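One-letter residues, chain by chain:
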Amino acid sequence: MWFKNLKLFTLTQTLDWSESDLETQLAEYAFRPCGSQELSTMGFASPFNQGEGLLHSAQGRIWITLKKQERILPATVVNAELAEKVQKIENETGSPVGKKAQQDLKQEIIHRLLPQAFTKNTFTHGFVSLKENLVVVDASADGKAEAFLAMLRKAMTSLPVVPLARRSIQADLTEWLQKGSTPSQIVLLEEAEFRGLGEEDSIVRCKNQDLGADEIVQHLEAGKTVRKLAVEWDETLTAILEEDLSIKRVKFTDVVKEQNDDIPKDQQLARLDADFALMSGEIVRFAKWLTETFELDQAD
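Residues numbered from 1 in each chain as written. Predicted model: local features only at pLDDT ≥ 70, side-chain atom pairs only at ≥ 80, totals over all residues. Heavy atoms only, no water.

Some details on the packing of aromatic side chains
Between two aromatic rings, the relevant description is the distance of the centres plus the angle of the planes.
Here is step 1 of the chain: Taken as a whole and assessed by the stated rule, the structure comprises 9 aromatic pairs.
Here is step 2 of the chain: Consider the rings of W233 and F286, whose centres lie 4.8 Å apart with planes at 40°: the pair is tilted. Within this pair, whereas W233 is found in strand β10 (residues 225-233), its partner F286 is found in helix α8 (residues 268-293), the two being separated by 53 residues in sequence. Here W233 and F286 have matching classes, each one buried. (Phe/Tyr/Trp six-rings, centres within 6.5 Å; stacked < 30°, edge-to-face > 60°. Helix = DSSP H or I, 4+ residues; strand = E, 2+ residues; numbered from the N terminus. Buried < 20%, exposed > 50% of the residue type's maximum accessible area, 1.4 Å probe, protein only.)

Right, here's the structure in full:
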């Protein structure tokens, strides 16, 4: 349940959602499995994955889960059967099968095989903190985050959000290394990615590398800037900060996770509730720190 990636958005106006209204509106777009001829379906599901409500709230932060189901029908399977059918027809008729006829045959094959295809389920978790006007999506890609926001916007008819960072933080991350000084809550880890200047940008990636070493200094002196930087924040989490303030490979430290170790393992729902309250609280605190440190509330 612990989020692994963070896409951060800020609400541009205060919302007065009530949990009961939100539950009702999400229910209109609840998840349903794929029909026999559907390639995919998407809808809201229980955050606990146990069919108990379409949201969960803790300390004013609302946890919402989007579920997507896709039918897995590999193109290689379809194309192999198509080639076999085309060859058979050409042998029987002595004439080549045209492109339009091949396309029709392909659709017939897909129509026949689709109901037999396996399905794959994926989940996108997010939460809304109305008090802080913050929306957080556990997604590594923009498309996945946008799909979550689009479905939530569809259910609620409006979701006025913009990215928390509306400017690049590349110069800030670069300055941390150039000056050899970081904010007091930040510890630099041994991973970074640099980009050179010019029409053909060069990319340098390093892992298990002391970021204060001479070779890193040389990259900076040559004009390269920091695109990604591995950090530990406030003994709470480690992550990769990217230039657009995407936050990847988030790992919460044992100092945080151990706070709920006193909850018995057989009380699964209680543990999920406590973990979400703890995790979302730390993410909100992290988002506030990012906003203040990079002066994001002053960005145009």
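Still more ground to cover, so stick around.
Concerning the nonpolar core
Here is step 1 of the chain: One finds L6, W176, F194, L229, I247, F286 and L290 to be the most contacted residues of the largest nonpolar core, which totals 49 residues.
Here is step 2 of the chain: The element best represented in this core is α8, accounting for 11 residues.
Here is step 3 of the chain: Setting aside its immediate chain neighbours within four residues, I247 contacts N5, L6, L8, A239, I240, L241, F286 and L290.
Here is step 4 of the chain: By size, the runner-up hydrophobic cluster in this structure holds 26 residues, among which are I64, L130, A139 and L149. (Core = buried A, V, L, I, M, F, W, Y, C linked by side-chain atoms within 4.5 Å. Contact = heavy atoms within 4.5 Å.)

Some details on helix α2 (residues 75-93)
Here is step 1 of the chain: In this model, α2 (19 residues) spans 27 Å end to end at C-alpha, consistent with the 27 Å of a helix rising 1.5 Å per residue.
Here is step 2 of the chain: Phi for G94, located one or two positions after α2, is positive at around 75°. (Expected span 1.5 Å × (residues − 1).)

Notes on the sheet that holds strand β8 (residues 186-195)
Here is step 1 of the chain: Taken in spatial order, the 5 strands make up an open sheet running β9-β8-β10-β11-β12, and their pairing is antiparallel. Each edge of the open sheet carries a strand with a single partner, namely β9 (203-207) and β12 (247-252). Sheet twist, expressed as the mean angle between neighbouring strand axes with direction ignored, is 20°.
Here is step 2 of the chain: Across 4 bridges, the pairing between strand β11 (residues 237-242) and β12 is antiparallel. Among the inter-strand pairings, I240 is bridged to a residue of β12, identified as K248.
Here is step 3 of the chain: Each of β8, β10 and β11 is contacted by helix α5 (residues 170-179), which is oriented at about 70° to β10, the strand it contacts most.
Here is step 4 of the chain: Running over the sheet, α8 touches β8, β10, β11 and β12 and is turned about 130° from β12. (Pairing = 2+ DSSP bridges. Axes fitted to C-alpha atoms, helices over the stretch in contact; angles between N-to-C directions.)

Quick notes on the packing of helix α1 (residues 19-27) against helix α4 (residues 142-156)
Here is step 1 of the chain: Contact pair α1 / α4: the axes reach a minimum separation of 8 Å and the direction vectors enclose 110°. In terms of their interaxial angle, α1 and α4 are classed as roughly perpendicular. Here α1 contributes L22, Q25 and L26 to the contact with α4, which in turn contributes L152, A155 and M156.
Here is step 2 of the chain: Residue classes in the contact of α1 with α4 are distributed as 5 nonpolar, 1 polar and no charged. (Parallel < 35°, antiparallel > 145°, perpendicular 65-115°, else oblique. Nonpolar A, V, L, I, M, F, W, Y, C, P; charged D, E, K, R; others polar.)

Some points on the packing of α2 against helix α3 (residues 99-113)
Here is step 1 of the chain: Packing of α2 against α3 leaves a shortest axis separation of 10 Å and a crossing angle of 130°. One finds that α2 runs oblique with respect to α3. You can see that α2 and α3 cross each other, and the crossing is right-handed. On α3, the residues that touch V77, V78, N79, E81, L82, K85, V86 and I89 of α2 are Q102, L105, K106, I109, I110, R112 and L113.
Here is step 2 of the chain: By residue class, the composition of the contact of α2 with α3 is 9 nonpolar, 2 polar and 4 charged. (Left-handed = near helix turned anticlockwise from the far one by under 90°.)

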